[in-house]
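# Analysis of the macromolecular model
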Amino acid sequence: MRSPDQRLTSEAKVTAQSMLLDPSNASTNPVENWRACFPEIIGRSPAMIAALETAAKVARSDSSVLIMGESGSGKELFASAIHRLSHRSPQPYIPLNCAAIPENLLESELFGHERGAFTGADKRRIGKFEAASKGTLFLDEIGDMPLALQSKLLRVLQDKKFAPLGGNDLKEADVRVIAATHMNLEAAVQRKSFREDLFYRLNVLPVFVPSLRERSEDIPQMLEHFTEITNSNHSAPSVSFFTDAAIRMLCKYSWPGNVRQLQNLVERMVVLKGGGAISIDDIPSDIIRSIEGQKEQAIVSTGADFQPNFQQASSAMPLAIGGRKQIAIPDQFGVLPEAGIDLTSFIEGLENGLILQALERTNNNRNQAAKLLGLNRTTLVERIKKRRLAVLNEPSKEL
Ligand SMILES: Nc1ncnc2c1ncn2[C@@H]1O[C@H](COP(=O)(O)OP(=O)(O)OP(=O)(O)O)[C@@H](O)[C@H]1O
Ligand SMILES: [Mg+2]
């Protein structure tokens, strides 16, 4: 397994580590400080700098990390960077995508098996926990882990011991776990598809990777970065570059597939152009239509974003009444985004927005709000409590 260290210059790593160990080594500019720790992660928008700062701090601890963010936003990149900055960096970094392994093989993938443990187990095989010994195990798409295995994982994280399938001897699990998900795990806990105790065990140090939509300032640099890479990988007669007008246009797009979508689009456009200026006319028509659709969207006032929003869903940041911003309905509302969607979170976000509006319109009278929403009062109150939609001690204005 190639260590993420190898992708970076040792100079960057030394700078980052010395700065983390002794903050007096850092320059006085906090943006440059956090940027210096993560040369492989592009972006200097406030949302990205905040995420980098959290990641750098998290790297110093040995507790479990839960990285949350939309698909293609860079969760895997953050996971490997956190390992690289941690004291475990000389040891292995072992990634495992829980969604990519069939359910019946995942347990053996994690803990290994002894010879004869099951039909077809003709020799002993070590699992990822053993392979990651003293290092970091990255459990990607943790929200897709089957419930039965979630219990086993929890036990290993608590006892710091595991037994391979078909074996009785317990082995030490000296492993730091970094998990990642594009799902709203709190919502998954509520609908009982994710164990609450495992959620809290993993969510000791949460890291939110912002979507590209939340940091469109970073788009020009991203376009330049991926154009440079594609230019150097494809030997066209002349290099390609985006015109300023094309860059401005792409900054207005909502990028439902985040950085992965941008990276793929740049590669496609650069290769198809084969050199020279890439202008607005070269941008695929579905993207132009989507940008134009956005402009025509009505601006509505709502308390919750229609997109699943991990930060809003976090228990650290409960949704609150008041102080709401004006937001446009996303252009892809009602249209399944290319990258797919967490339907449950999406519907929940939509419901939360309507509940908040009903509470505000009725001055927090839960009887009247329930009538406005066609719900009975008990159902509404339950939902408010469960989703922490109102300040708990705020009395209802019913007479
Ligand atoms: N800030 C960034 N700077 C440079 N490259 C990035 C950045 N964020 C993401 N990428 C690149 O975008 C691609 C997708 O990133 P990554 O695989 O880390 O996303 P992810 O959040 O794990 O996606 P998924 O949820 O689909 O697994 C990768 O090729 C990654 O290197
Ligand atoms: Mg990933």
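## A short note on helix α16 (residues 366-373)
Buried residues of α16: Arg366, Ala369 and Ala370, and no others. Considered in projection along α16, the buried side chains sweep an arc of 100° and stay on one side of the axis. Measuring from the side-chain oxygen of the N-cap residue of α16 to the backbone nitrogen of Asn367 gives 3.0 Å; that N-cap residue is Asn365. Backbone geometry just after α16 places Gly374 at a positive phi near 70°.

## Considering the site of ligand 1
Looking at ligand 1, there are 18 residues lining it, with Ile42, Gly72, Lys75, Arg260 and Gln263 nearest. Contact between ligand 1 and Ile42: a nitrogen atom at 2.9 Å from a main-chain N or O atom of the residue. When isolated, ligand 1 has an accessible area of 630 Å², and the protein chains bury 86% of it. If you list the elements that add at least two residues to the shell around ligand 1, you get α4 (75-85), α10 (219-233) and α12 (258-273). Here the residues of the shell around ligand 1 are counted per class, giving 7 nonpolar, 5 polar and 6 charged. Two domains each donate at least three residues to the shell around ligand 1, and these are domain 1 (4-208) and domain 2 (214-294).

## Remarks on unusual backbone geometry
Despite not being glycine, Glu141 has its phi angle at roughly 55°, a positive value. As for its position among the elements, Glu141 is in the loop between β3 (136-140) and α7 (147-159).

## Notes on the packing of helix α2 (residues 30-37) against helix α3 (residues 46-59)
Across the interface, α2 lies against α3 with an axial gap of 9 Å and an inter-helix angle of 60°. Considering their axes alone, α2 and α3 lie oblique with respect to each other. Every pair of crossing elements has a handedness; the one defined by α2 and α3 is left-handed. Mapping the contact onto sequence places Val31, Trp34, Arg35 and Cys37 in α2 and Ile49, Leu52, Glu53, Ala56 and Lys57 in α3. Taken together, the residues of the contact of α2 with α3 sort by class into 6 nonpolar, no polar and 3 charged.

## Looking at a nonpolar patch on the surface
Together, Leu336, Ile341, Leu343 and Ile347 give the surface a local cluster of nonpolar side chains, amounting to about 370 Å² of exposed area. Residue placement: Ile347 occurs in helix α15 (residues 343-361).

## Considerations on the environment of Arg213
Residue position: Arg213 is located in the loop between β7 (205-208) and α10. What makes Arg213 partly exposed here is its relative accessible area of 28%. Between the alpha carbons of Arg213 and Val259 there is a distance of 9.9 Å; along the sequence they are 46 residues apart. Reaching out from Arg213, the side chain makes a polar contact with the backbone oxygen of Ser254 at a distance of 3.3 Å.

## So, the pattern of salt bridges
On inspection of all chains with the given rule, the structure shows 17 salt bridges. Between Lys161 and Glu172 there is a salt bridge whose closest N-O contact spans 3.0 Å. Of the two residues, Lys161 sits in strand β4 (residues 161-162) while Glu172 sits in strand β5 (residues 171-172), which places them 11 residues apart along the sequence. The partly exposed category is assigned to Lys161, whose relative accessible area is 34%. The salt bridge involving Arg215 is made with Asp218; its shortest N-O contact spans 2.9 Å. Of the two residues examined, Arg215 and Asp218, each falls in the buried class. Residues joined by salt bridges that share partners form a network here, namely Glu114, Arg124, Glu130 and Lys171.

## Some points on the sheet that holds strand β2 (residues 93-97)
Reading across from one edge, β2-β3-β6-β1-β7 is the order of the 5 strands in this open sheet, with parallel pairing throughout. In this open sheet, the two edge strands, each paired with only one partner strand, are β2 and β7. Strand after strand, the sheet turns through a mean of 20° between neighbouring axes, direction not considered. Two strands pair when backbone bridges link them, and strand β1 (residues 65-68) and β7 are joined in this way by 4 bridges, in the parallel orientation. Across the sheet, Ile67 pairs through a bridge with Val207, a residue of β7.

## Re the packing of aromatic side chains
Taken as a whole and assessed by the stated rule, the structure comprises 7 aromatic pairs. Between Tyr253 and Trp255, the ring centres sit 4.8 Å apart and the planes meet at 75°, which makes this aromatic pair edge-to-face. Of the two residues, Tyr253 and Trp255, both sit in the buried class. Ring pairing ties together the aromatic residues Phe111, Phe129 and Phe162, which thus form one cluster.

## Description of the packing of α16 against helix α17 (residues 377-386)
Running from N to C, α16 and α17 point in directions that differ by 100°, and their axes come no closer than 9 Å. Looking at the two axes, α16 sits roughly perpendicular to α17. Residues Arg366, Asn367, Ala369, Ala370 and Leu373 of α16 touch α17, and the partners they reach there are Arg377, Leu380, Val381 and Ile384. Residue classes in the contact of α16 with α17 are distributed as 6 nonpolar, 1 polar and 2 charged.

## Here we look at α3
Along its 14 residues, α3 runs 20 Å from first to last C-alpha, staying within 8% of the 20 Å computed at 1.5 Å per residue. Taken together, the buried positions of α3 are Met48, Ile49, Ala51, Leu52, Ala55, Ala56, Val58 and Ala59.

## Focus: the confidence of the model for the chain
Summarising the model, the chain shows a mean pLDDT of 83, and 79% of its residues fall at 70 or more. This model gives residues 1-7 a pLDDT under 50, and the stretch forms 11 contacts once residues within four places in sequence are excluded. A low-confidence stretch, residues 298-332 (pLDDT under 50), is modelled with 85 contacts involving residues beyond four sequence positions or located in other chains.

Reading the values: the criteria
Residues numbered from 1 in each chain as written. Chains lettered and ligands numbered in written order. Predicted model: local features only at pLDDT ≥ 70, side-chain atom pairs only at ≥ 80, totals over all residues. Heavy atoms only, no water. Buried < 20%, exposed > 50% of the residue type's maximum accessible area, 1.4 Å probe, protein only. Helix = DSSP H or I, 4+ residues; strand = E, 2+ residues; numbered from the N terminus. Arc of directions from axis to C-beta. Polar contact = N/O pair within 3.5 Å; in protein donor to acceptor, adjacent residues only side chain to side chain. Near = heavy atom within 4 Å. Areas by Shrake-Rupley, 256 points an atom, 1.4 Å probe, with all protein chains shown as cover. Nonpolar A, V, L, I, M, F, W, Y, C, P; charged D, E, K, R; others polar. Domains from an automatic or database assignment. Axes fitted to C-alpha atoms, helices over the stretch in contact; angles between N-to-C directions. Parallel < 35°, antiparallel > 145°, perpendicular 65-115°, else oblique. Left-handed = near helix turned anticlockwise from the far one by under 90°. Contact = heavy atoms within 4.5 Å. Patch = residues over 30% accessible without salt bridge, like charges linked within 9 Å, V, L, I, M, F, W, Y side chains within 5 Å. Salt bridge = Lys/Arg side-chain N within 4 Å of Asp/Glu carboxyl O. Pairing = 2+ DSSP bridges. Phe/Tyr/Trp six-rings, centres within 6.5 Å; stacked < 30°, edge-to-face > 60°. Expected span 1.5 Å × (residues − 1). pLDDT = per-residue confidence, 0-100.

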